[in-house]
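# Residue-level structural notes
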Amino acid sequence: MNPVEDNPTKLDRLGIWVSSLCALHCLALPVVVPLLPLIGSSFFAQVWFERTILTISLIIGAVALIGGATRYHGRYYPLALLFTGGAIYWNKNMFGEAYEPFTIAVGALLIVAGHWVNMRLCRQCKCCKETVFSNHLSTEVE
C-alpha cells in the first residue's frame, strides 16, 4: 500500500506547503537581500532558484490534481487553477516591479486554490475510492 493512496490529500497538502513557502520566499526576498552577503547565500536571490522551486511545486501539484481527477472525482478544472497560478507566478514582472508582490500573491493563491478544490472534490467523492479510475464525472454522493 502506498501512503498517498490511503490519503489522496497528502500531495495536495504538500503542494500547498511548497507553494506557500515559494510565495513567502519571493515576498520576503526584498527584506532579506541586503543580509544575503552576510550569510553567503546569494543563490536564494537568483531567478533560477525561484523558478526551480516553482517548477517543483507545479510538478507536485500536477501529480496530485491528475491523481485526484483520475481516481476520485473526474474533474480537471483544478489543473486550470494550478497552471494559471503557475503562469502568473512565473511571469511575476508582467506589470512591472511595483506590482510584483501582488502578482506573486495572486499566482500563489491560485495554486493553493487548485489544491484546495482538489482536496474538497476528493473528500466529497466517496463512491470511487476503491477503483483505479473514476467511473463518473459527478461529485455527488448517492
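Per an unreviewed UniProt entry, the protein chain goes by the name MerC domain-containing protein and belongs to Alteromonas stellipolaris.

Further remarks concern the pattern of salt bridges. By the definition in use, this model includes two salt bridges. Close ionic contact of E100 with K92 constitutes a salt bridge, the shortest N to O distance being 3.7 Å. Since its relative accessible area comes to 18%, E100 is described here as buried. Salt bridges linked by common partners bring E50, K92 and E100 together as one network.

On to the side chain of N118. Within the secondary structure layout, N118 lies in helix α6 (residues 100-124). A polar side-chain atom of N118 sits 3.3 Å from the main-chain carbonyl oxygen of A64. Ignoring sequence-local partners within four residues, the contact set of N118 consists of D12, A64, L65, G68, A69, H73 and P78.

Here we take up the nonpolar core. Core analysis: the biggest nonpolar cluster contains 15 residues, and A23, L54, L58, L65, L82, Y89 and I111 have the highest contact counts within it. Those elements that provide at least two residues to this core are α2 (9-32), α4 (47-73), α5 (77-90) and α6. For this core, the element with the highest residue contribution is α4, accounting for six residues. When sequence neighbours within four positions are dropped, the list of residues in contact with L65 reads D12, P78, L79, L82, G114, H115 and N118.

Moving on, we get to the UniProt feature "transmembrane region" (unreviewed entry) in the protein chain. Those places that UniProt annotates as "transmembrane region" (unreviewed entry) correspond, in this numbering, to residues 14-36, 48-69, 75-91 and 98-117. The span residues 75-91 is 82% helical and 0% strand by assignment, and the distance between its end C-alpha atoms comes to 27 Å. A helix fraction of 90% and a strand fraction of 0% characterise residues 98-117, whose end C-alpha atoms lie 30 Å from each other.

Below, the discussion takes up a nonpolar patch on the surface. A cluster of nonpolar side chains, M94, F95, Y99 and F102, forms an exposed patch at the surface whose accessible area comes to about 490 Å². Here M94 is to be found in the loop between α5 and α6. Taking the relative accessible area as the measure of exposure, M94 reaches 43% and is therefore partly exposed.

Scoring rules and cut-offs
- Residues numbered from 1 in each chain as written.
- Predicted model: local features only at pLDDT ≥ 70, side-chain atom pairs only at ≥ 80, totals over all residues.
- Heavy atoms only, no water.
- Salt bridge = Lys/Arg side-chain N within 4 Å of Asp/Glu carboxyl O.
- Buried < 20%, exposed > 50% of the residue type's maximum accessible area, 1.4 Å probe, protein only.
- Helix = DSSP H or I, 4+ residues; strand = E, 2+ residues; numbered from the N terminus.
- Polar contact = N/O pair within 3.5 Å; in protein donor to acceptor, adjacent residues only side chain to side chain.
- Contact = heavy atoms within 4.5 Å.
- Core = buried A, V, L, I, M, F, W, Y, C linked by side-chain atoms within 4.5 Å.
- UniProt positions renumbered as here; feature names shortened; annotations may be inferred.
- Patch = residues over 30% accessible without salt bridge, like charges linked within 9 Å, V, L, I, M, F, W, Y side chains within 5 Å.
- Areas by Shrake-Rupley, 256 points an atom, 1.4 Å probe, with all protein chains shown as cover.

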